[in-house]
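# Secondary and tertiary structure notes
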Amino acid sequence: MSNHRAPLRIDDLIGGRRIADDGDLRRIVLAGEVVDYRLVRAKRRSIGMQIGLSGLVVRASRWVTLREIESALREHGPWILRRLGEWRALRRDVLPGEWKTGATLLLQGRDLALAVLPARKKEIAADLLNLTVLHPSPEDERALAAFVIRWLKDEALRFVVPRVAACAARIGAGSPSVKLSNARSEWGSCNRKGDIRLSWRLIQLPPELAQYVVAHEVAHLVELNHSPRFWALVESLHPGHTAARRALSEWSAVLE
């Protein structure tokens, strides 16, 4: 048994990125509640705890014993349970459980009520309160779901493409390739080739937060890191990015 105690660092998940899904899945009882967590062995000097959409992730060096880790978890049990409860409360049904009139669907930060009507031609129209879907087979929920999700993806592409182009032009980053993704772990990504991928679920976010994600990924065309220079570039593209970054974490359940 170790005769010293590793320092502890607690980090909440910031931004829209899901914490790692690697590591060993373990279980502990905290204040009478069973809590699952992932233990990731990493090169670090402290025990790190992160809570997000993936639940609790603990990171610690290999020399830190399981007994020390679980002691730290129990010590901070009230905080862990409170934060887990807060994250669970963020989860929401962003697509209908049933594709029928009266169901709700999230679009640009607003919950719209579905209005499904029979028609020869398939069409979708959105206003402040409703998403009206005209479809030849209004009783076919599977067909309705495919049609509406395809429409959401088209709307996402119409939203992000001109905004990526505008941000890239402002920083002299050329004309990057832009594609939609079905990623469940991040809002967007940018690789060394300058390819930008953005989650189609950006169309479900409030527009100002989707715009922040665009600015974030475009800034990576110049700074493929999260250095002070990178954040200064993001700020130039999206003034007030810190508040947007913080607000984005409250919408991360959309990725689930």
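Check the entry above for the structure.
Described below are features of the structure shown in this document.

So, how was this worked out
- Residues numbered from 1 in each chain as written.
- Predicted model: local features only at pLDDT ≥ 70, side-chain atom pairs only at ≥ 80, totals over all residues.
- Heavy atoms only, no water.
- Helix = DSSP H or I, 4+ residues; strand = E, 2+ residues; numbered from the N terminus.
- Buried < 20%, exposed > 50% of the residue type's maximum accessible area, 1.4 Å probe, protein only.
- Contact = heavy atoms within 4.5 Å.
- Areas by Shrake-Rupley, 256 points an atom, 1.4 Å probe, with all protein chains shown as cover.
- Pairing = 2+ DSSP bridges.
- Axes fitted to C-alpha atoms, helices over the stretch in contact; angles between N-to-C directions.
- Expected span 1.5 Å × (residues − 1).
- Polar contact = N/O pair within 3.5 Å; in protein donor to acceptor, adjacent residues only side chain to side chain.

### Concerning the overall build of the protein
Summing up its helical and strand segments, the protein has 6 helices and 12 strands in all. Put simply, the protein has 256 residues, and 44% of those count as buried. Partitioning the intrachain contacts of the protein with sequence separation of at least 6 by distance along the chain shows that 52% fall at a separation of at least 24. As presented, the protein carries roughly 13,600 Å² of accessible surface, and 50% of it is formed by carbon and sulfur atoms.

### A closer look at the sheet that holds strand β6 (residues 104-107)
Spatially, 4 strands are ordered β6-β7-β9-β8 in an open sheet, and the strand pairing comes out mixed. Both edges of this open sheet fall to β6 and β8 (123-126), since each of them pairs with a single strand only. For this sheet, the mean inter-axis angle between neighbouring strands, taken without regard to orientation, is 30 degrees. Two elements, β8 and strand β9 (residues 130-135), share 4 bridges in a ladder whose sense is antiparallel. The partner of E123 across the bridge, within β9, is L134. Sheet strands in contact with helix α3 (residues 141-170) are β6, β7 (110-118), β8 and β9, and its direction is about 120 degrees off that of β9.

### Thoughts on the pairing of β7
Inspection of the sheet shows β6 paired to β7 by 4 bridges, in the antiparallel sense. If you follow L106 over to β7, its bridge partner there is D111. As defined by bridge partners, β7 adjoins β9 across 6 bridges and the pair is classed as parallel. From the neighbouring strand, L114 faces β9, where its bridge partner is L131.

### Here we look at the environment of A143
Secondary-structure assignment places A143 in helix α3. C-alpha separation for the pair A143 and W99, spaced 44 residues apart in sequence, amounts to 9.3 Å.

### Quick notes on α3
For α3, which comprises 30 residues, the first-to-last C-alpha distance of 44 Å matches the rise-based estimate of 44 Å (1.5 Å per residue) to within 8%. For α3, the side-chain oxygen to backbone nitrogen distance between the N-cap and R142 is 3.3 Å, and the N-cap itself is D140. One or two residues past the end of α3 sits G172, with phi positive at roughly 65 degrees.

### Examining the pairing of strand β2 (residues 24-30)
Every regular strand shows the same layout, with side chains that alternate between the two sheet faces. The pairing of β2 with strand β3 (residues 33-41) spans 7 bridges and is classified as antiparallel. Counted as the bridge partner of L25 is R38 from β3. Hairpin remark: β2 followed by β3, antiparallel, with 2 residues in the connecting loop; positive phi at A31, about 50 degrees.

### Examining unusual backbone geometry
Even without being glycine, A31 reaches a positive phi, approximately 50 degrees. With respect to the helices and strands, A31 occurs in the loop between β2 and β3. The backbone phi angle of Q108 is positive, close to 50 degrees, even though this residue is not glycine. Tracing the backbone shows Q108 in the loop between β6 and β7.

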